[in-house]
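# Structural overview
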2 protein chains.
Amino acid sequence: MSTPRTPAYDALCQRHQRIHRLSHLQSIASWDQSAFMPSRGAQARAEALAEMGGLLHQLGTDPALKQLLDEAAQEPLDDFQRASLREMRRVWRSANAVPQRLVEARSLANSHCEHEWRQQRAANDWAGYVENLRPVVRYAREEAQYLSEDSGLSRYDALLDQYEPGMRSAEVDRVFGDLRQWLPGLIRQVMERQAGDSLVHPQGPFPAAAQRALGLDAMKLLGFDFEAGRLDESAHPFCGGVPEDVRMTTRYRDDSFLQSLTGTIHETGHGRYEQNLPREWLGLPVARARSMGLHESQSLSFEMQLAAHPGFAGLLQPLVERHLGRQRGFAADNLHRLMTRVAPGYIRVDADEVTYPAHVILRYEIERPLIEGEIEVEDIPALWDRKMQELLGLDTRGNYKDGCMQDVHWGCGLYGYFPCYTLGAMYAAQWFATMRRERPALDEEIARGELAPVFDWLKDRIWSQGSRWETPELVRRASGEALEPAHFRRHLEARYLG
Amino acid sequence: MSTPRTPAYDALCQRHQRIHRLSHLQSIASWDQSAFMPSRGAQARAEALAEMGGLLHQLGTDPALKQLLDEAAQEPLDDFQRASLREMRRVWRSANAVPQRLVEARSLANSHCEHEWRQQRAANDWAGYVENLRPVVRYAREEAQYLSEDSGLSRYDALLDQYEPGMRSAEVDRVFGDLRQWLPGLIRQVMERQAGDSLVHPQGPFPAAAQRALGLDAMKLLGFDFEAGRLDESAHPFCGGVPEDVRMTTRYRDDSFLQSLTGTIHETGHGRYEQNLPREWLGLPVARARSMGLHESQSLSFEMQLAAHPGFAGLLQPLVERHLGRQRGFAADNLHRLMTRVAPGYIRVDADEVTYPAHVILRYEIERPLIEGEIEVEDIPALWDRKMQELLGLDTRGNYKDGCMQDVHWGCGLYGYFPCYTLGAMYAAQWFATMRRERPALDEEIARGELAPVFDWLKDRIWSQGSRWETPELVRRASGEALEPAHFRRHLEARYLG
C-alpha cells in the first residue's frame, strides 16, 4: 500500500463525512418538527435538536481540526482540493468563533419561539411572541458579537456573511439604496398600466387534495425527482431535508390556489438545486450550495423568471384544469395576468416580484439596527408600521399577524438572511439575461414547454458547481460579469412596461 | 451549595439523558425511513442511522461508565435509585458485549435489507431477498455470540434476553410445548362450532381516507393522545417514535377495513404504553417499557381482550357506520363474529387470536436453530412450508410473499422477538383475569363503553411502572401471581367454546 500523499486532507474529509451523516438526522428531525410533529412533542424535540447542535458544534471545533487544516495547507493538493480546503476552513472558522454553550442555548430558544409562534401568529399575539423573541435576539446578538470579534466585520455583516459569504451591508446599502430610488415609481407606473386590465378571479373553494395534486404535477413539469424528495404541508413553506432526500413544504388555502402553486414552484427551485449538487463530493463543505442568495436565485428563477414568464401560463393551464376543473379564470392569459398582477400587499411570500423588494428592504432596515443594538424588539411594530406606509402605502397598525409576525425567520434566529431574497432576484434576472444572450430562441422554447435548456444551463453553471468557486467567481463564470443589478431593473421594465 | 450525596449516580443520569436526546433523532429518522422516505434517500439514511448507532454505542460503552456504575453501587441510593442503577447496568452490559464495528455494520445491513424487502416481498423475490438476508443473519449470529460470551447464555437466549429480560428458551419450550399439545385441537373445535355461523362480509371498496378517519376515531375511543403522537402509513405497521411523540403506522386495503382497524387498535395499545411511561424518570433506562412481551401484552389487551370482546363491537359499530356508511355487515354481532372468526391463514398480523400462536411457534422453531447455526437461510422456505402444513394445514410452497417473507423482523435483524407476541397474549389474558376478579362488573362496563377502569388499571399496574421492577415482580404486583399460561387457555375456551 502506498503512503497517501494528502493524509491531513483525507482525515478532514472523513471528519466532514461523519458530520454530514449526523447532520442528516438533524435535518430530517427539523423538517418533521415543522411538518408533522404534534405539539406535546415540542419540548423533547427541542432538547434533542439542541443536543445534536451541540454535538455537531463539538465535532466542528475539535482542536485536532486546526492542526489538520494547517497541515493540509502544506500538502500537494490539486485545485479542487484547495477549494475544498478553503470551504472546510470557512466552516471551521465560523463554528470556532461561537462557544458551544451558545449554540445549544440558541437552538433551544429558537425551537421554543418558532413552536409558540405558530399559535401566537394565528392569535395576533405580539405580547406573547415578544417574550419568546427577546432571548432569540439576545442570542443572535451574542453570536454576532463572537463572529464579529473573529472576523473584524460589523455584527450584522458577520451574520450576513454566514448566509452570503463575502457580501457586506455597504454593498447591500448601495444596491438597496438604488432600488429605493426607482422602485416606488416603477410600482406606480405598473399599477397605472395594469389598472385597465380585465382580470377574472378564479372561484373557489379549491380542495387541498386537488391543490396538492396540481402542485405535484407542476413539480414534475419542473423536473423535481420524487424518488429523492417529497412535498408536504407546514405553517411556513420551506425546502429542507438533505440533498439526497429533499423535503419541500407548502400550505393550502381553500379560497385561492395560486399562492400555494407559485410557492410550490418557488420551493422546487430550491429543491432542484439541492438534488443536483455535485454527488461525488457530497459530505464535504465544497459540495454545499454556494450561498443563500444563490439559493434564492434558483427558487426565483423557477417562480419569477419561469412561472411568471408570459409563455409559461400556457403550460400551467392544462394542469390547473386537470385538477381544478374548467373556469374562465384558468385561461392562460388570465393566469399570466394574475401571476404578474402588481399590488402592494401585507404578506411577503405572496408578493408579486415588483413589490417584493420593498418587503425585503423593510426587513433589512429593521433587522440590521436590531442586531447592531440600535433598536430593541419592542421597537419593531412601530418601525414596521412606518416603513410599510412609506414603502407600500399600507396600514399595518395592530395587525401583527400580517405584519411583523408573518415570517418565521426572526423567531428562529435568522438575521442577515432577508437581503438574500432580493440578491437572489437580481442573480436570477442576470442568469436569464445570459441565457437569452446565448440562446436567442429561449422565450419561444419556454412557451413550447421545452424547459430542458433552462435546467441544463442552471445545472451546468450553478447546481453542479456547489461551492467550488467563491461567489464573484461563480457569477463571472456563469454570466461573464459580476453581480449587475441593472439586469433586474431591465427584467422588470421589459416584463411590466414593455 | 451542599455536596451531592450521589455524584456517580447523578453523573450516570446525565449521561443517559444525553443518550435519550440523541436516540430521539434516531427514532424519528427510523420512523420516517419506514413511513415517508423516498427510495433514493435510502443509502444516505442508512449511513446516517449507522453513524448514530455507532455514536450511541460509543456513548453507552464509554470506559468511564464502568467506574461510575461501580461507584454508584457504593452510594446511599434509595430503592428507586437502586432499580434505576440496575437498569443502567443491564443496558451497559449488553452494549459493552458487542463491538462498535459490529453495531455499525449490522445497522447498514439491516437498513439495506429492509429497504429492498419492500419491493422484493411484493415481487415474491426470495432469491433476491436471501442475498440481503444472509449478512443480516451473519451479524445477528455474531452479536449473539458476543452476548453469549458475556452472559453465559446460549446464543439464542442471549438475543431473547434483549427483548424479554430474564426469559429463557427452556421456559419458552415448556410454554410453547404445552400450547402445541392443545392448540390444534382447540382450533379444530372452534372451527367446527363456527361452521354454522352466518357471516356477512362487508362489501368494499373502502377508501383509504375513510378508513383512516375510522382508525383515528377508534384511537380516540381508546384514549390515544393526539397531541403527543400521530398515525401514518407504512408497508409494515409499527409503533415507533419516542414516548413524548409516538408514531404509529398502519396500512390500508381497498377491499377490507378490519385488518387496518384491528391493526390500528393493536398499535394503539403500544402507543398508550409509551405515552404513559413515567414522565418524571424519562431519559433513564428505568423509565423504558419493561420488555417486548409486556409491550405486546398491551397491544393485545387492546386488540384481543378489548376490541374482540363481545361487548366492544357495539362501540365500534357507530364509528364504522359514520365513516363507511351503513351495511348489514356492520351490525355489532356480525362485526364481533368477523373479529373472532377462527381460520388458518397465511399472514400472522391478520391472524385471529386462536391461530396466532401457531404463527409464533413456527417462527420460533425456525429462528432459534438459525441463530444457533443449526440451519442456514436457504433452509427457511422448506421448513416454513413443512411447519405451516403441520400447524395450520396450509400450503405455502413457492409463495414467499405470504410465507417466510411476510414479516419485517428477520430482515431487520430482529431474532428472539417473536416469542414475545405469544407471551404478550398470555400476559394480556392474565391482566384481564385479574381485572375481572377485582371488578366483577368489568364486562358490562366494557359493553357500555366505560373503558376508563381498564385504562386506569393498565396505567397503574403496567404503564406507570416502566422498568421499576424486574418482570416476575412486576407480574406478581400486577396480578398476584407469576406468569400463568392457563389464563390464556381459559380465555380462549371461554370466548370461543363458552
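Residues numbered from 1 in each chain as written. Chains lettered and ligands numbered in written order. Predicted model: local features only at pLDDT ≥ 70, side-chain atom pairs only at ≥ 80, totals over all residues. Heavy atoms only, no water.

Within an unreviewed UniProt entry, the label attached to chain A reads Metal-dependent carboxypeptidase, and the organism entered is Roseateles chitinivorans. In UniProt, chain A has this text filed under Catalytic activity (unreviewed entry): "Release of a C-terminal amino acid with broad specificity, except for -Pro." Comment text from UniProt for chain A, heading Function (unreviewed entry), reads "Broad specificity carboxypetidase that releases amino acids sequentially from the C-terminus, including neutral, aromatic, polar and basic residues." (UniProt positions renumbered as here; feature names shortened; annotations may be inferred.)

On to the overall build of chain A, then. Tallying secondary structure elements over chain A gives 20 helices and 3 strands in all. In terms of overall dimensions, chain A is globule-like: its C-alpha atoms have a radius of gyration of 23 Å, near the 23 Å expected for 498 residues. In chain A, of all internal contacts separated by at least 6 residues, the share reaching a separation of at least 24 is 74%. Accessible surface for chain A amounts to roughly 19200 Å². Of this, 49% is attributable to carbon and sulfur atoms. Computed over 59 positive and 71 negative side-chain charges, the inter-centroid distance for chain A is 2 Å. (Helix = DSSP H or I, 4+ residues; strand = E, 2+ residues; numbered from the N terminus. Rg over C-alpha atoms; globule rule 2.2 N^0.38 Å. Contact = heavy atoms within 4.5 Å. Areas by Shrake-Rupley, 256 points an atom, 1.4 Å probe, with all protein chains shown as cover. Lys, Arg positive; Asp, Glu negative; His and termini not counted. Charge placed at Lys NZ, Arg CZ, Asp CG, Glu CD.)

Superposing chain B onto chain A requires a rotation of 180° together with a translation of 0.0 Å along the rotation axis, leaving an RMSD of 0.0 Å. What the superposition gives is, in effect, a two-fold axis relating one chain to the other. Relative to the rotation axis, the C-alpha of L25(B) is the closest in chain B, positioned 3.1 Å from it. Comparing interface residues between copies, 100% of those in chain B also lie at the interface in chain A; the contact surface is shared. (Least-squares fit on C-alpha atoms with pLDDT ≥ 70 in both.)

To continue, consider the sheet that holds strand β2 (residues 239-242) of chain A. Residue and element names in this part refer to chain A. Ordered by their spatial adjacency, 3 strands build an open sheet running β1-β3-β2, and the pairing between neighbours is mixed. Looking at the sheet topology across the chains shown, the edges are occupied by β1 (229-233) and β2. Geometrically, the sheet is characterised by an average inter-axis angle of 20° between neighbouring strands, direction not taken into account. Across 5 bridges, β1 lies against strand β3 (residues 245-250) in parallel orientation. What sits directly across from G229, in β3, is V246. (Pairing = 2+ DSSP bridges. Axes fitted to C-alpha atoms, helices over the stretch in contact; angles between N-to-C directions.)

With that out of the way, let us pick up the sheet that holds strand β2 (residues 239-242) of chain B. Residue and element names in this part refer to chain B. Sheet architecture is open: 3 strands sit in the order β1-β3-β2, paired in mixed fashion. Both outer strands of the open sheet, β1 (229-233) and β2, are each paired with one neighbouring strand and no more. For this sheet, the mean angle separating the axes of adjacent strands, direction not counted, is 20°. Judged from the 4 bridges that link them, β2 and strand β3 (residues 245-250) form a sheet pairing that is antiparallel. Paired with G240 across the bridge in β3 is R247.

All names here are of chain B. Here the structure, examined in full by the defined rule, presents 91 salt bridges over all chains. A salt bridge links E390 to R180, with the shortest nitrogen-to-oxygen separation between them at 3.1 Å. With E390 in helix α15 (residues 380-392) and R180 in helix α8 (residues 169-194), this pair connects stretches of sequence that are 210 residues apart. Of the residues examined, E390 reaches a relative accessible area of 44% and is grouped as partly exposed. (Salt bridge = Lys/Arg side-chain N within 4 Å of Asp/Glu carboxyl O. Buried < 20%, exposed > 50% of the residue type's maximum accessible area, 1.4 Å probe, protein only.)

The subject of this paragraph is the interface of chain B and chain A. Counting residues at the interface gives 34 residues for chain B and 34 residues for chain A. Considering only the side of chain B, the residues that lose the most area to chain A are L25(B), R40(B) and E51(B), jointly responsible for 20% of the buried surface there. Counting across the chain B and chain A interface gives 10 salt bridges. Two residues, D32(B) and R247(A), come together in a salt bridge whose shortest N-O distance is 2.8 Å. Counting across the interface, chain B meets chain A through 18 residue pairs in polar contact (both at pLDDT 80 or more). Residues that form the side of chain B that touches chain A fall into these classes: 15 nonpolar, 5 polar and 14 charged. (Buried area = accessible area lost by both parts, 1.4 Å probe. Polar contact = N/O pair within 3.5 Å; in protein donor to acceptor, adjacent residues only side chain to side chain. Nonpolar A, V, L, I, M, F, W, Y, C, P; charged D, E, K, R; others polar.)

We now examine helix α13 (residues 332-339) of chain A. When α13(A) is considered as a whole, its buried residues turn out to be N334(A), L335(A), H336(A), L338(A) and M339(A). Tucked inside the fold, the buried residues of α13(A) contact α10 (258-275), α11 (292-307) and α12 (313-324) of chain A.

For chain A, per-residue confidence averages 96 on the pLDDT scale, and residues scoring 70 or more make up 99% of the total. If you check the scores for this complex, the pTM reads 0.91 and the ipTM reads 0.91. (pLDDT = per-residue confidence, 0-100.)

All names here are of chain A. With domains assigned, chain A is organised as domain 1 (7-125) and domain 2 (169-497). Taking only C-alpha atoms into account, the centre of domain 1 sits 26 Å from that of domain 2. Of the residues lining the interface, 30 residues belong to domain 1; the matching set on domain 2 comes to 38 residues. Applying the counting rule to domain 1 against domain 2 returns 2 salt bridges. R121 is the salt-bridge partner of D402, the closest N and O atoms lying 3.9 Å from each other. Scanning the region where domain 1 abuts domain 2 turns up 11 residue pairs in polar contact (both at pLDDT 80 or more). Looking at the side of domain 1 that touches domain 2, the elements that each hand over two or more residues are α1 (7-35), α4 (79-96) and α5 (100-122). The greatest single-element share of the side of domain 1 that touches domain 2, amounting to 11 residues, is contributed by α1. Here the side of domain 1 that touches domain 2 is composed, by residue class, of 13 nonpolar, 10 polar and 7 charged. (Domains from an automatic or database assignment.)

All names here are of chain A. UniProt marks H266, H270 and E296 with the feature "binding site: Zn(2+)" (unreviewed entry), using the numbering shown here. Taken together, the annotated residues stretch across 31 residues yet fold into one region, lying no more than 8.7 Å apart by C-alpha. The contact partners of H266, leaving out residues within four places of it in the chain, are E296, S299, L300 and E303. Here E296 lies in helix α11. Looking at E296, the relative accessible area reads 2%, which means it is buried. Apart from residues no more than four positions distant in its own chain, E296 is found in contact with H266, H270, Y417, C420, Y421 and G424.

On to the packing of α12(A) against α13(A), then. Residue and element names in this part refer to chain A. Their axes nearest at 8 Å, the elements α12 and α13 cross at an angle of 110°. Classified by the interaxial angle, the pair formed by α12 and α13 is roughly perpendicular. Only A332, L335, H336 and M339 of α13 make contact with α12, whose side of the interface consists of A313, G314, L316, Q317 and V320. Classifying every residue of the contact of α12 with α13 gives 6 nonpolar, 3 polar and no charged. (Parallel < 35°, antiparallel > 145°, perpendicular 65-115°, else oblique.)

By the element assignment, A228(A) lies in the loop between α9 (208-221) and β1. Here the alpha-carbon distance between A228(A) and G271(A), two residues 43 residues apart in the chain, equals 9.8 Å. The residues contacting A228(A), other than those within four sequence positions of it, are E244(A), D245(A), V246(A), Q275(A), P38(B) and R40(B).

All names here are of chain A. According to UniProt, the feature "active site" (unreviewed entry) maps to E267 in the numbering used here. Overall, the relative accessible area of 8% leaves E267 in the buried class. Sequence-distant contacts of E267, that is, excluding residues within four places in its chain, are made with P237, F238, C239, M248 and T249.

The next thing to look at is the packing of aromatic side chains. The geometry of an aromatic ring pair is captured by two quantities: the separation of the ring centres and the angle between the planes. All names here are of chain A. All chains considered together, the criterion is met by 45 aromatic pairs over all chains. Ring centres of F257 and F330 lie 5.5 Å apart, and the angle between their planes is 85°; this geometry places the pair in the edge-to-face category. Here the residue F257 occupies a position in the loop between β3 and α10, and F330 occupies one in the loop between α12 and α13, the gap between them amounting to 73 residues. Note on F257: relative accessible area 3%, which makes it buried. Every member of this aromatic cluster is reached through a ring pair, and the members are Y163, Y356, W384, W410, Y415, Y417, F418 and Y421. The residue whose ring lies beneath R468 is W469, and the NZ or CZ to ring-centre distance is 4.2 Å. (Phe/Tyr/Trp six-rings, centres within 6.5 Å; stacked < 30°, edge-to-face > 60°. Lys NZ or Arg CZ within 6 Å of the ring centre and 35° of its normal.)

Only one face of β2(A) is buried: it carries G240(A) and V242(A), and the other face, with C239(A) and G241(A), is open. The loop that links β2(A) with its antiparallel partner β3(A) comprises 2 residues.

We now examine helix α19 (residues 471-479) of chain B. Residue and element names in this part refer to chain B. All of the buried residues in α19 are T471, L474, V475, A478 and S479. Along the axis of α19, the buried positions cluster into a sector of 100°, meaning they face one direction only. Looking at the packing, one finds that the buried side of α19 touches α11 (292-307), α16 (419-438) and α18 (452-461). Following α19 by one or two positions, G480 adopts a phi angle in the positive range, close to 80°. (Arc of directions from axis to C-beta.)

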